[in-house]
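Breakdown of the fold
Below, each chain spelled out in residue letters.
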Amino acid sequence: MIVVPVKEGENIEKSLKKFKRKFEKTGIVKELRRRQQFDKPSVTKRLNKERAVYVQKLQQVED
């Protein structure tokens, strides 16, 4: 459960913004959207491999 302490005299919009940030960091919405459709294991492996190649290229450019 997400708890956002509200200080005395603090604006409600500011508190909502804090709540939204904390909620987004939990990744609940992202996980929910991911589970709404089924991806074949071969597709997920391919995407993971492409992501790994991309990250490796970025690291080579930094060096």
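Residues numbered from 1 in each chain as written. Predicted model: local features only at pLDDT ≥ 70, side-chain atom pairs only at ≥ 80, totals over all residues. Heavy atoms only, no water.

Thoughts on the overall build of the protein
Heads up, the condition is: Per the convention used, a helix needs a DSSP run of H or I reaching at least four residues, while a strand needs a run of E reaching at least two, with both numbered from the N terminus. C-alpha atoms define the radius of gyration in this analysis, and the globule rule sets the expected value at 2.2 Å times the number of residues to the power 0.38. Summary of the burial criterion: residues with accessible area below 20% of their type's maximum are buried, those above 50% are exposed, and those between are partly exposed, where the area comes from a 1.4 Å probe applied to protein chains only. Each accessible area is a Shrake-Rupley estimate made with a 1.4 Å probe; only the visible protein chains count as cover when residues are assessed. Under the convention used here, Asp and Glu are negative, Lys and Arg are positive, and both His and the chain ends fall outside the count. To locate a charge, take atom NZ for lysine, CZ for arginine, CG for aspartate or CD for glutamate.
When you go through the protein residue by residue, the secondary structure sums to three helices and zero strands. Walking the protein from its N terminus toward its C terminus, one meets helices and strands in the order α-α-α. Taken over C-alpha atoms, the radius of gyration comes to 19 Å for the protein, far larger than the 11 Å a tight globule of 63 residues would show. In terms of its C-alpha atoms, the protein occupies a principal-axis envelope of roughly 50 × 35 × 15 Å. Counting only residues that meet the buried cut, the protein has 5% of its 63 residues in that class. With the model as given, the accessible surface of the protein reaches about 6,600 Å², and the carbon-plus-sulfur share is 56%. Each charge class in the protein was averaged separately, 18 positive and 9 negative side chains, and the resulting centres sit 5 Å apart.

Comments concerning the confidence of the model for the protein
Segments scoring low in pLDDT should not have their predicted coordinates read at a detailed level. Keep this limit in mind: The predictor attaches a confidence to each residue, called pLDDT, with possible values from 0 through 100.
Per-residue pLDDT for the protein has a mean of 93; in total, 100% of the residues score no lower than 70. The secondary structure element of the protein with the lowest average pLDDT is helix H2 (residues 28–35), at 91, and the one with the highest is helix H3 (residues 41–62), at 96.

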